[in-house]
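Chain by chain, the residues:
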Amino acid sequence: MDKWLSRLESSNWLGHVKDILTCACLTAQCVDKEGASVLVHGGEGIDSTLQVTALSQVILDPDCRTVRGFEALVEREWIQAGHPFNDRCGKSAYSPARSRYEAPAFLLFLDSVWQVYQQFPCSFEFSTQFLIVLFEHAYASQFGTFLCNSECDKRKLNLQRRAVSLWSWVNRPEVLQNYLNPLYEPNKSVIWPSVAPQSLELWSELYLRWTQDNSILDETNKQILCIKEHNKELRTKVVRIRRQLMDLQKEAIEKGLLAAGNHGNTETASEAYSSSAS
């Protein structure tokens, strides 16, 4: 155990995550608070640049925290921007030998998104399992989304006709329901994650998924979904009962069994109950 922790510390992985989060927050702050245009460029512009710009958009834009919005973000900022997935991820998927071009740049971005997710678990439409699926398909996939190093390479191999997009599979309703966040509540505000070292965690759900039991988390998510569905049914019943009550009140007034003033008081009470239920 001590040896494992020592290797984790020597990798400085969480330090890299912290650097990406810090740069993304600074970029987002310049855009949101100062209304400034920001030029982000590092190295060749295909690794750290994409990490910062993509994560900044997750922080700023609530649409990027939805399933379709995040898919569009990955497609726009990573795939179309020319991140060399074949060089960065291709070799390690099939061979223990490491290429000098290999680097977990996309994984570092996904880990950074996961860190934000942990601090704002209700602001993301997708679950952490969705991030894990993207990681797995970036390294080995039967789909063509993460193949090749650029759009030019894809056109040369005619992948548009020879391979299917990962998004077309993920967005199928019967598949997508497995990757939705049961706690999701649309949040139109900018989210500001903490970058303090104590706020960062090891993504054990991914890195330790073969050694730890995640069934408890899966069962918890199922229970949350059942509770939300039951709550939705109860709200529907409240609305239906309220309408029935108003119809009965109107009928009672027409027959002279209830004074109009009492009807107004009762309606106000029922409206108050309906508001509290919703």
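Reading the values: the criteria
- Residues numbered from 1 in each chain as written.
- Predicted model: local features only at pLDDT ≥ 70, side-chain atom pairs only at ≥ 80, totals over all residues.
- Heavy atoms only, no water.
- Helix = DSSP H or I, 4+ residues; strand = E, 2+ residues; numbered from the N terminus.
- Buried < 20%, exposed > 50% of the residue type's maximum accessible area, 1.4 Å probe, protein only.
- Contact = heavy atoms within 4.5 Å.
- Areas by Shrake-Rupley, 256 points an atom, 1.4 Å probe, with all protein chains shown as cover.
- Axes fitted to C-alpha atoms, helices over the stretch in contact; angles between N-to-C directions.
- Parallel < 35°, antiparallel > 145°, perpendicular 65-115°, else oblique.
- Left-handed = near helix turned anticlockwise from the far one by under 90°.
- Nonpolar A, V, L, I, M, F, W, Y, C, P; charged D, E, K, R; others polar.
- Salt bridge = Lys/Arg side-chain N within 4 Å of Asp/Glu carboxyl O.
- Polar contact = N/O pair within 3.5 Å; in protein donor to acceptor, adjacent residues only side chain to side chain.
- Phe/Tyr/Trp six-rings, centres within 6.5 Å; stacked < 30°, edge-to-face > 60°.
- pLDDT = per-residue confidence, 0-100.
- Expected span 1.5 Å × (residues − 1).

*Asks:* Explain the overall build of the protein to me, using residue names and the numbers behind them.
*Replies:* Summing up its helical and strand segments, the protein has 14 helices and zero strands in all. Put simply, the protein runs from its N terminus to its C terminus through helices and strands in the order α-α-α-α-α-α-α-α-α-α-α-α-α-α. Within the protein, the proportion of its 278 residues that are buried is 37%. Partitioning the contacts of the protein with sequence separation of at least 6, the portion at a separation of at least 24 is 72%. Surface summary for the protein: the accessible area is close to 16500 Å², and the carbon and sulfur share equals 54%.

*Asks:* Quick rundown of the packing of helix H3 (residues 48-60) against helix H4 (residues 67-79)? Include the residues and the values.
*Replies:* It is the contact of H3 with H4, at a shortest axis distance of 10 Å, that shows an interaxial angle of 155 degrees. Classed by the angle they form, the pair H3 and H4 counts as roughly antiparallel. Like other packed secondary-structure pairs, H3 and H4 cross with a definite hand, here right-handed. Note on element contacts: H4 touches H3 through Phe70, Leu73, Arg76, Glu77 and Trp78, opposite Leu50, Gln51, Thr53, Ala54, Gln57 and Val58. The residue inventory of the contact of H3 with H4, partitioned by class, reads six nonpolar, three polar and two charged.

*Asks:* Can you explain the pattern of salt bridges? Please cite residues and give values.
*Replies:* Counting across every chain of the model gives seven salt bridges. A salt bridge links Asp47 to Arg88; the nearest nitrogen and oxygen atoms lie 2.8 Å apart. Of this pair, Asp47 sits in the loop between helix H2 (13-34) and H3 while Arg88 sits in helix H5 (residues 85-94), and the two are 41 residues apart along the sequence. Close ionic contact of Arg172 with Glu174 constitutes a salt bridge, the shortest N to O distance being 2.9 Å. Overall, the relative accessible area of 41% leaves Glu174 in the partly exposed class.

*Asks:* Could you give me a rundown of the environment of Ser199, with the residues and numbers involved?
*Replies:* Relative to the helices and strands, Ser199 resides in the loop between helix H11 (173-176) and helix H12 (204-207). Overall, Ser199 belongs to the partly exposed group, its relative accessible area being 23%. Sequence-wise, Ser199 and Gln115 are 84 residues apart; in three dimensions their C-alpha atoms are separated by 8.3 Å. Contacts of Ser199, omitting those with residues within four sequence positions, involve Gln115, Gln119 and Ser194. At a separation of 2.8 Å, a polar atom in the side chain of Ser199 contacts the side chain of Ser194.

*Asks:* Report on unusual backbone geometry, specifying residues and quantitative values.
*Replies:* With phi around 55 degrees, Asn12 is a residue other than glycine that occupies positive phi space. Tracing the chain through its elements places Asn12 in the loop between helix H1 (2-11) and H2. In this structure Asn12 comes out as partly exposed when scored by relative accessible area, which is 40%.

*Asks:* Explain the packing of aromatic side chains to me, and be specific about the residues and the numbers.
*Replies:* For the coordinates displayed, the defined rule picks out 18 aromatic pairs. Arranged with centres 6.3 Å apart and planes meeting at 70 degrees, the rings of Phe70 and Phe130 form a pair that is edge-to-face. On the criterion of sequence distance, the pair formed by Phe70 in helix H4 and Phe130 in helix H7 (residues 128-139) is long-range, its members being 60 residues apart. In this pair, the class of Phe70 matches that of Phe130, namely buried.

*Asks:* Summarise the confidence of the model for the protein; cite the residues concerned and give the values.
*Replies:* Residues at a pLDDT of 70 or more form 90% of the protein, whose mean pLDDT is 87. Helix H14 (residues 260-277) is the least confidently modelled element of the protein, averaging 52 in pLDDT, while helix H6 (residues 105-119) averages 97, the highest of any element. Low pLDDT, under 50, characterises residues 266-270; the stretch is placed with five contacts to residues that sit more than four places away or in other chains.

*Asks:* Describe H4, listing the residues and the values that go with them.
*Replies:* A rise of 1.5 Å per residue sets the reference length of H4, with its 13 residues, at 18 Å; its end C-alpha atoms lie 17 Å apart and thus fit the reference within 8%. Of the residues flanking the start of H4, the one acting as N-cap is Thr66, its side-chain oxygen 3.1 Å from the backbone nitrogen of Gly69.

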